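Each chain, written out:
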Amino acid sequence: MKRFSFYFKYAWRSIRRGGQLSVFAVICVSVGVATLVALQSLTISIRDTLVGDTQTRAGGDIVAGVNFNSYYQETVSPKAQQLLDRFKAEGRLADWTGLNNHSIQITGYFNVPPTVYIVDPAHYPLYGQVNLLEPSQAQFSSLLAEPNTIIVSKSLWKANNYHLGQQIEVSGLTDFTKPGENSASLKIVGVIDPVLPGINFDPGLFVGFGVVSQATARTFLETAETVPTTFLLKTTQASNVPALIAELQGFNGAVAASFPFFSRIRPAAEVLGENRRNLQTVEDILLYVGLLAILIGGLGCVNTMLVLVGRRTNEIGTLKALGLKNRQAVAIFTLEVTMLGALGSGLGLVLSLILGYGMKGVVEGLFGHALAWGLYPGPLLSGLAVGIGVSAMFGFLPAWAAGRVPPAVVLRSQQTTGLPRIGNRPTLLVILTLTLIMGLVSGLEIGNPGLGIVIAFVVLLVTLVLVVLMYGLVALVARLPAPERRPGFKMALRNFSRHRTRSATTLLVVTVSLFFISLITIVSGSIKTTLRETFDFNLGFNAGAVNAYSNQDLELQATLQREVAGLQKIFISNDVGAFLFGVNGQPLNSEAAFKDPACGPYIVFDRNGKYRLKGSIQVSGRSLSGGTESISPNGPQKLLAGRNLLPSDSTRNVLLVAQEEARCYGLKVGDKVNTRLRSNNLGNGSSRTSGTIELEVIGIVTRGTAGTNFEQGFVTPFQLVNEAGAQFSIFFMQIDPPQIKAALTKIQGYLYGNFVFDLSDLINTFTALIDQVLAFPLLLSLLSLFSGSILVANNVALAVLERRNEIGVLKALGARRRRVLAILLWESSLVGIIGGVLGIGGSVLVASLLPALIRSANANLNLLINWSVWDAALILALGIGLALAATLISAWRSVQEKPLTVLRYE
């Protein structure tokens, strides 16, 4: 016990003697622990909010989905409800209720179509309750029991500046020739958060929704569309669940074994498990980021202990000459670094409360509702344990070095400040052992020790490779020629490579942090640019409408041109699946395609394992604006060969081909393409028994500037695709901006049950969503950069302590304080400049590859990469600024010290 007391007192005294050095080590650990605990707490908060109580989140003890089929909705659903009523009469069910949802159009609302959830307020919800934001004291069931009422989500409420008692007009399915037939005026009676029992991860929860009763829904939807598509069952006993599921499956077999009525029958625990699996990826990512932050904190401890041991070699030698054994020296310094880890972990727990609350605000903006929050003992305890454990493990290597200090060092005439060589093999053994332990700790955190160990060794390998590269770069930078008139910069270059491993590690942290900050900035800006270019007024349209229920599009186009004020241009696009047999009577064969990587999306394997061109394509139909002008919804196109579509082509079998498709399929103007569209009713109203049609290529065009390809690479006159069986069409309209709201409101009168968009509103919505989604990874990257700046401060403090004699001599020879400080600032600036150039340059390189990756995954999506020199300069300035600030904080007091004080005691 006395020995341990000595160890503890000596370690504590050494920490106090470390002063600023110890403070930076503590801060390094605290930032890592704070990040880990905050992210783990956030994970639990998200899980509790989005998963929560099993029955409440599932909606019942049993959840049974229904195959959506109009015949089943009208004939089989009543029989299924009778079966559930029988279960209830027998006492096996306490209650049951049905759910349905449908996209609706709200008059005057031209954004992403909201969803209406259709419930039976007399029975829904079976578990939990629906919390009303306004009026807070009202009952959900009583509000919806009133006829023609609706409760809206908070996001929909704010987006439209609604108020209680306001009447809104909603519409469902109808034909454009009967406007207003299926519409209703509903009274807003309440506002709720986007949390509804039995509804999980549904798009409507994010884009906005309303809740109505089944009776109200029947006033603007077809009867079949209001019948429940999900049944929620509340049992009287948990033991009834298996038997009830079996009987529901038996009902399926009695109806039609090949097409059952109940598509999925699941107990609540299975629904909850699915919700957890949906969140698992997010939870794992947050945990990995937290563990990475801990590793950065461990690096700070390593740097601190290495210099402390190096500076106290004489002291250690004296203790060993007086009888201190090697293992005791190792124990003392391991205890010291463990105590530093404990102090840092304790501070990290306090900081995690502040950081976690800030992260909670960011995520609440993303999900659109408040998250459950509290003090979670699990993350606090695991953060404390991991912080202390990582510090102890990382400090073991310098502690081992302390144990190898020979007692004879005290007999030398000069002070020794270097570490004894440990040897390559022992060092490698220690590193592998520590990696194994770290992997095991990480594996226990993620619930898979084997995976944690594999990840740890992969991270070690990648880190070693990157550190080696940075090490070489540091050595290369140190050899750069420096102006003779700039001795300070020349000394900074030399000092920069004095401890190459330390400089390389710090440079790696700063580079990675700036890489992610820059990449997130570029991706965010590129997505926004793509949206603006896709929906920009200059592309030929600023409004759109989807018509999914009518084949009289051309008549509707003429009607809108005649009746809607402010409508300057309007054209229609649709598409249909097709199969391309050959060109000019010959089978598909394009040798150039097999050599062109850009043709990857159009190449497939045949049954013999050989490459061949894909015959399955999509063909778009395009109408003419005003009957005269051919406009592509993909944005301005350049005609490369041939001609564009003309009014005389409306009844002809002609084809425009995009540049990429023309190159890959080997097409040119005048070629005859043999294809079969989805229907046998092909072109000009004629029906061809062969099912094939010959299209003449009249022009080759560029794809366009839009980010999303509303139009495919093969384009024909609109009528050809329309008669072939297009399932829906899209109206693209250019409307005079001052008149757009009134015009779109009138257009809604002709397109009830379809979707009408003000594309500027869509841009604002998606831009806000992008900002919310990317705010979280940007925050994490800034935290990593902050950790890197602390590491820079730590390194500067170490450099000042190591070079006290050198600094004292410089000042004794006449160097002023600002000259000494300038040398240190140049060293830190090199870290910021090199890290910024590498990080920003790497992010630009990765971002430039994204469009090709996106195109290979989906040929209809483009990403227009956009990065600003000013943004790059600001990010570079951020990295340099933090490095300089860290240098000033850590070195300011040290360079004030008088040279005689340094030389006398050193």
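The preceding data block contains the structure.
The rules behind the values
Residues numbered from 1 in each chain as written. Predicted model: local features only at pLDDT ≥ 70, side-chain atom pairs only at ≥ 80, totals over all residues. Heavy atoms only, no water. Helix = DSSP H or I, 4+ residues; strand = E, 2+ residues; numbered from the N terminus. Buried < 20%, exposed > 50% of the residue type's maximum accessible area, 1.4 Å probe, protein only. Contact = heavy atoms within 4.5 Å. Areas by Shrake-Rupley, 256 points an atom, 1.4 Å probe, with all protein chains shown as cover. Disulfide = S-S within 2.5 Å. Salt bridge = Lys/Arg side-chain N within 4 Å of Asp/Glu carboxyl O. Phe/Tyr/Trp six-rings, centres within 6.5 Å; stacked < 30°, edge-to-face > 60°. Lys NZ or Arg CZ within 6 Å of the ring centre and 35° of its normal. Pairing = 2+ DSSP bridges.

Draft legend 1. Fine view of the overall build of the protein. Each helix and strand in the protein was counted, giving 29 helices and 24 strands. Here the protein holds 906 residues, and the buried ones make up 51% of them. Across the protein, every contact between residues at least 6 apart in sequence was considered, and the portion connecting residues at least 24 apart equals 82%. Here the protein displays about 40400 Å² of accessible surface, and carbon together with sulfur accounts for 60% of that area.

Draft legend 2. Molecular detail of the state of the cysteines. Counted according to the given criterion, the structure contains one disulfide. Each disulfide pairs two cysteine sulfurs, and for Cys599 the partner residue is Cys664, the sulfurs being separated by 2.0 Å. Between Cys599 and Cys664 the disulfide shows an S-S torsion of about -90°. By sign, it is left-handed. Residue Cys599 is located in the loop between α21 (591-595) and β15 (603-605), and its partner Cys664 is located in helix α22 (residues 659-665); the two are separated by 65 residues in the primary sequence. Taking relative accessible area as the criterion, Cys664 reaches 0% and is therefore assigned buried.

Draft legend 3. Layout of the pattern of salt bridges. Counted according to the given criterion, the structure contains 15 salt bridges. With a closest N to O distance of 2.9 Å, Asp761 and Lys741 form a salt bridge. In this pair, Asp761 sits in helix α25 (residues 759-802) while Lys741 sits in helix α24 (residues 740-750), placing the two residues 20 residues apart along the sequence. Ionic contacts of the salt-bridge type, sharing partners, join the residues Arg86, Glu90, Arg92 and Glu247 into one network.

Draft legend 4. Region of the structure containing the packing of aromatic side chains. Throughout the structure, instances matching the rule amount to 13 aromatic pairs. Every member of this aromatic cluster is reached through a ring pair, and the members are Trp96, Phe231, Phe251 and Phe262. If you follow Lys234 out to its NZ or CZ, it ends over the ring of Tyr127, 4.9 Å from the centre.

Draft legend 5. Molecular detail of the environment of Thr435. Assignment of secondary structure puts Thr435 in helix α16 (residues 424-446). A residue is classified by how much of its surface remains accessible, and Thr435, at 10% relative accessible area, is buried. With 42 residues separating them in the primary sequence, Thr435 and Met393 have C-alpha atoms 9.3 Å apart. Contacts of Thr435, omitting those with residues within four sequence positions, involve Ala456, Phe457 and Leu460.

Draft legend 6. Expanded view of unusual backbone geometry. In this model, Tyr124 is joined to Pro125 through a cis peptide bond whose omega is 0°. When you line up the elements, Pro125 lands in the loop between β4 (115-119) and β5 (132-134). Here the residue pair Glu134 and Pro135 is connected by a cis peptide bond, since its omega of -15° sits within 30 degrees of zero. Position of Pro135 among the secondary structure elements: in the loop between β5 and α5 (140-145). The phi dihedral of Asn584 is positive, around 55°, even though this residue is not glycine. Structurally, Asn584 is set in the loop between β13 (567-583) and β14 (586-587). Judged by its relative accessible area of 41%, Asn584 falls in the partly exposed class.

Draft legend 7. Fine view of the pairing of strand β22 (residues 714-717). Pairing geometry for strand β17 (residues 616-622) and β22, over four bridges, is parallel. Paired with Gly621 across the bridge in β22 is Thr716. For strand β19 (residues 654-658) and β22, the ladder comprises two bridges, and the chain directions are antiparallel. Residue pairing across strands places Val657 opposite Phe714, the latter belonging to β22.

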